[in-house]
2 protein chains.
Amino acid sequence: MVEKMKAYQELSKEELQALKTELETAYVDAKGKGLKLDMSRGKPSVAQLDIASDYFDALTSQSNMKTEDGIDVRNYGFLDGIPEAKQIMADMIGVSADQVIVCGNGSLSIMYDTVSRSMTHGVMGSTPWCKLDKVKFLCPAPGYDRHFAITQHFGIEMITVPMTPEGPDMDMVEKLVSEDESIKGIWCVPKYSNPQGYTYSDETVKRFAALKPAAMDFRIYWDNAYAVHDIYEERKDTLLEIFGECEKAGNPDIVYEFCSTSKVSFAGSGIAAVASSKANLDFMRKSLTIQTINFDKVNQLQHVRYYKDINGVKAHMAKHASLLRPKFEAVLTVLDKELSGLGVGTWTKPNGGYFISFDALEGCAKAIVAKCKEAGVVLTGAGASFPYGNDPQDSNIRLAPSFPTPEELAMATDLFVLCVKLVSVEKLLGKV
Amino acid sequence: MVEKMKAYQELSKEELQALKTELETAYVDAKGKGLKLDMSRGKPSVAQLDIASDYFDALTSQSNMKTEDGIDVRNYGFLDGIPEAKQIMADMIGVSADQVIVCGNGSLSIMYDTVSRSMTHGVMGSTPWCKLDKVKFLCPAPGYDRHFAITQHFGIEMITVPMTPEGPDMDMVEKLVSEDESIKGIWCVPKYSNPQGYTYSDETVKRFAALKPAAMDFRIYWDNAYAVHDIYEERKDTLLEIFGECEKAGNPDIVYEFCSTSKVSFAGSGIAAVASSKANLDFMRKSLTIQTINFDKVNQLQHVRYYKDINGVKAHMAKHASLLRPKFEAVLTVLDKELSGLGVGTWTKPNGGYFISFDALEGCAKAIVAKCKEAGVVLTGAGASFPYGNDPQDSNIRLAPSFPTPEELAMATDLFVLCVKLVSVEKLLGKV
């Protein structure tokens, strides 16, 4: 296959036809292997979970169940969470503990609640959104499908904002936010973005902090899900801490920040937190105190006893990195080897996070995902990373290398590149 | 004090005056003791929590973290909860496991979410309540203050329904519910009601199951918080299982039932569940699947490994009962000894649950609670058990004997009866 050195666009119709025949044969062979692999979701692997097995010895029948302040975690009360857990979560994202409320077992439900509360109770005195004719959110895309699912569930209109390696297109964000009072929020994954693995530049963070929204109840939903999720010790991204910039810009209330240990300790059994200004937190507490007596303080204490402090978390994450690194590299090696120079796709090479974002030729993503599935490799549904599940270019595919083994990933990616080639050839033949 | 054998109403003004002087002296003495006691909230005692200390050995680094079906509880997924936890929660309230979703660390947040979801998304296809001019709930009172706080928070109008030892006044419930389409729900604590400790009669349960509401989105919020919380083995109340009755009455979707282990394992760190018809649960799942990836399955597994099954729960609750019994009796003994026959109050003698309900002379509750507080005994705020915190009779006081020791309770109740007497005398003197 000398053709692979040459961009497909430069091939003649006859060369493409010959290539197509060759790829089809390879695809039939691949299907015959009966693969059953899943690169669809950002799930930690069993090996990652096993790293934390000592977590289950961190509290025993012999343990002191009180915090340093004497709070018995087994009984009611302390809505904000225990001080030690607040400190760890605050350190994870570089804020102070009094800016943090530690909540339940995942940050998604905090985000859902935050939107839900805005629907029924508004934001710090604004009209409840359910009383408004129109509420809109900006959605940098490709982005996190579960974010978009929340806004869609509440009937909030989603406006796609293009993503760049520096973050969302800030010219567009600034313009829309300043002009349209019905825009109430923007979803952001500022570090190791889902799915690209991009980290917002300092310039982008500063422009976010300095936004002058038309709506007083506009907030930035800053989902710092991958704050401590570096893969390479020697080249890790650094995200500028946004609250400090908000303060400087005279915008103290514009950000809600979310984080969790779901991809630190256990997925969906970690602890999650929201950070914001005192005014925002106090407004939240008015609802939270009706909603619950307290979040699970036993789980908070167990995290504290296990990790001790942020250094414990960082040491733990270095072990995660050593497991994730070969997985990302298994995928990237195949992509580089098989697709470089062919002109049929581009992909990201993140320094952390859980995903690789692949952009195929326009109109090819759905067909590639379908072909992979037919041969036993499940990918995230094409379009899932866009509002309403609709990628207008039908080009983006999210690859999630965390769960399978490196060997499985190499096999899955072999199939993936084969499908990319085959669909691309078919696409080009349709054009010529 | 021979007067105490005679009802205060039968005393002359002079006798009341003399009694008042005597009680005032006793009150000054009592204040001098510098008591610091709290009978305000239904908190488990440290001894109760200590019973479950082996819970923390139920999962260790050596444990198999998979359920019988092979679900790894440390990873994402399984919104409904793990099958073994569903079974325990179902058995706790006498329903089948497929009627149950196991949620987070407390049932209050499930109830809050259920109301919140109805506000934004309606109930199985009905108009979202936030789009309606008026939404009302029936509130049997005295009742649970946190229930009323939820409906108040969402601006839902609360209509008080009187409570009887058989349950709410069902004539009134039936009439209101059948006539008024804006009535969307009723709060119930059907077993060992908060604060009376009443258990609804079979007749009451059947009438609930057979309600013919004007509103298709009317639901009964059946908070079975004390399902396994008997205090006396030999005389425990039995609540008729309501879903069976709903089925018979052709009303399968009319009930949401809530329960938790907050007062079984740990307060605010247990597991909670909602039970309902398949149609109701499927409607809930549409939101839940947006709201969270899963609830905390590690905590669910730890409960399962610790309790094994419902028999483990029942054996555990027998230990709770042995701690709670002397506490209830410490309070009741003082009430009986000091107030019987005086005509200044009536009180309940529950077979389970967490509270005793005391009814003072009309217009006396606030003054009694204030006098107790002044002398170092904190009670639940007078009126807290009524919608809007407003007891129209100013008569009801909730006593919560679970947290203090029997000795502390005897002291606290001594002060309480003294305050009841003093305020009653003052009240009667104001009248004569």
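Above: the structure in question.
Residues numbered from 1 in each chain as written. Chains lettered and ligands numbered in written order. Predicted model: local features only at pLDDT ≥ 70, side-chain atom pairs only at ≥ 80, totals over all residues. Heavy atoms only, no water.

A few words now on the packing of helix α3 (residues 83-93) of chain B against helix α10 (residues 297-307) of chain B. Two numbers describe a pair of packed helices, the interaxial angle and the distance between the axes. Residue and element names in this part refer to chain B. Where α3 contacts α10, the axes come no closer than 9 Å and their chain directions differ by 65 degrees. In terms of crossing hand, the pair formed by α3 and α10 is left-handed. Contact residues: E84, A85 and I88 in α3; Q300, V304 and Y307 in α10. A class-by-class count of the residues in the contact of α3 with α10 yields four nonpolar, one polar and one charged. (Axes fitted to C-alpha atoms, helices over the stretch in contact; angles between N-to-C directions. Helix = DSSP H or I, 4+ residues; strand = E, 2+ residues; numbered from the N terminus. Left-handed = near helix turned anticlockwise from the far one by under 90°. Contact = heavy atoms within 4.5 Å. Nonpolar A, V, L, I, M, F, W, Y, C, P; charged D, E, K, R; others polar.)

Right, let's get into empty space enclosed by the protein. All told, the structure shown has eight cavities of 30 Å³ or more when counted by the stated rule. In terms of lining, the largest cavity is formed by 34 residues, of which the most central are N105(A), S109(A), F295(A), N105(B) and S109(B). For the lining of the largest cavity, the secondary structure elements donating two or more residues are α4 (107-121) and α9 (278-291) of chain A together with α4 (107-121), α9 (278-291) and α10 of chain B. Considering each element in turn, the lining of the largest cavity owes the most residues, five residues, to α4(B). Within the lining of the largest cavity, the residues separate by chemical class into twelve nonpolar, 16 polar and six charged. (1 Å grid on protein atoms, 1.4 Å probe; cavity = no way out; pocket = protein on both sides within 12 Å on 5 of 7 lines; lining within 4 Å. Points joined across faces, edges and corners; volume = space filled by probe spheres on them.)

Take the relation of the copies chain A and chain B next. Note on the copies: chain A fits chain B at an RMSD of 0.0 Å, the axial shift is 0.0 Å, and the rotation between them is 180 degrees. Here the two chains are linked by the operation of a two-fold rotation axis. Closest to the rotation axis within chain A is the C-alpha of C130(A), separated from it by 3.3 Å. Of all interface residues in chain A, 100% are interface residues in chain B too; the two copies therefore contact each other through one and the same surface. (Least-squares fit on C-alpha atoms with pLDDT ≥ 70 in both.)

Let us now look at helix α6 (residues 170-179) of chain A. All names here are of chain A. Every buried residue of α6 is accounted for by M170, V173 and V177. Looking straight down α6, one finds that the buried residues subtend no more than 55 degrees of arc, so they occupy a single side. Seen from the open side of α6, the exposed residues pointing more than 90 degrees away from its buried face are D171, K175 and E179. Looking at the buried residues of α6, the elements they touch are β3 (136-141), β4 (157-164), β5 (167-168), β6 (183-188) and α7 (202-209). One side-chain oxygen of the residue at the start of α6 lies 3.1 Å from the amide nitrogen of D171, identifying that residue as D169. (Buried < 20%, exposed > 50% of the residue type's maximum accessible area, 1.4 Å probe, protein only. Arc of directions from axis to C-beta. Polar contact = N/O pair within 3.5 Å; in protein donor to acceptor, adjacent residues only side chain to side chain.)

Each partner contributes to the interface: chain A provides 56 residues, whereas chain B provides 56 residues. Surface buried jointly by chain A and chain B totals about 4,600 Å² across both partners, of which 54% is contributed by carbon and sulfur atoms. For the chain A face of the interface with chain B, the top three residues by lost area are F56(A), R74(A) and Y76(A), together amounting to 17%. Our count for the contact surface shared by chain A and chain B stands at two salt bridges. Between R74(B) and D50(A) there is a salt bridge, and its shortest N-O distance comes to 2.8 Å. The interface formed by chain A and chain B holds 25 residue pairs in polar contact (both at pLDDT 80 or more) in total. Among the secondary structure elements, those contributing two or more residues to the side of chain A that touches chain B are α2 (46-51), α4, α5 (145-153), α9 and α10 (297-307) of chain A. Among the elements that make up the side of chain A that touches chain B, the one with the highest residue count is α4(A) (eight residues). (Buried area = accessible area lost by both parts, 1.4 Å probe. Salt bridge = Lys/Arg side-chain N within 4 Å of Asp/Glu carboxyl O.)

This paragraph deals with the packing of aromatic side chains. The geometry of two aromatic rings is summed up by the distance between their centres and the angle between their planes. If you walk through the whole model with that rule in mind, you get 38 aromatic pairs over all chains. Plain terms: the ring middles of F56(A) and F266(A) are 5.2 Å apart, the flat faces sit at 25 degrees to each other, and that makes the pair stacked. Separated by 210 residues along the polypeptide, F56(A) in the loop between α2 and α3 (83-93) and F266(A) in the loop between β8 (255-260) and β9 (272-275) bring together distant segments of the chain. Judged on exposure class, the residue F56(A) and its partner F266(A) are both buried. Look at F137(B) and W187(B): their rings are 5.6 Å apart centre to centre, the planes differ by 45 degrees, and that puts the pair in the tilted class. Residue F137(B) is located in strand β3 (residues 136-141), and its partner W187(B) is located in strand β6 (residues 183-188); the two are separated by 50 residues in the primary sequence. Considered together, F137(B) and W187(B) belong to a single accessibility category, that of buried residues. An aromatic cluster of three or more residues is present, and its members are W129(A), F137(A), W187(A), Y221(A), Y256(A) and F258(A). Above the ring of Y232(A), the side-chain terminus of R235(A) is found at 3.8 Å from the ring centroid. Positioned over the ring face of Y354(A) is K263(A), at 5.2 Å from the centre of the ring. (Phe/Tyr/Trp six-rings, centres within 6.5 Å; stacked < 30°, edge-to-face > 60°. Lys NZ or Arg CZ within 6 Å of the ring centre and 35° of its normal.)

Everything listed is a geometric property; what it means functionally is a separate question.
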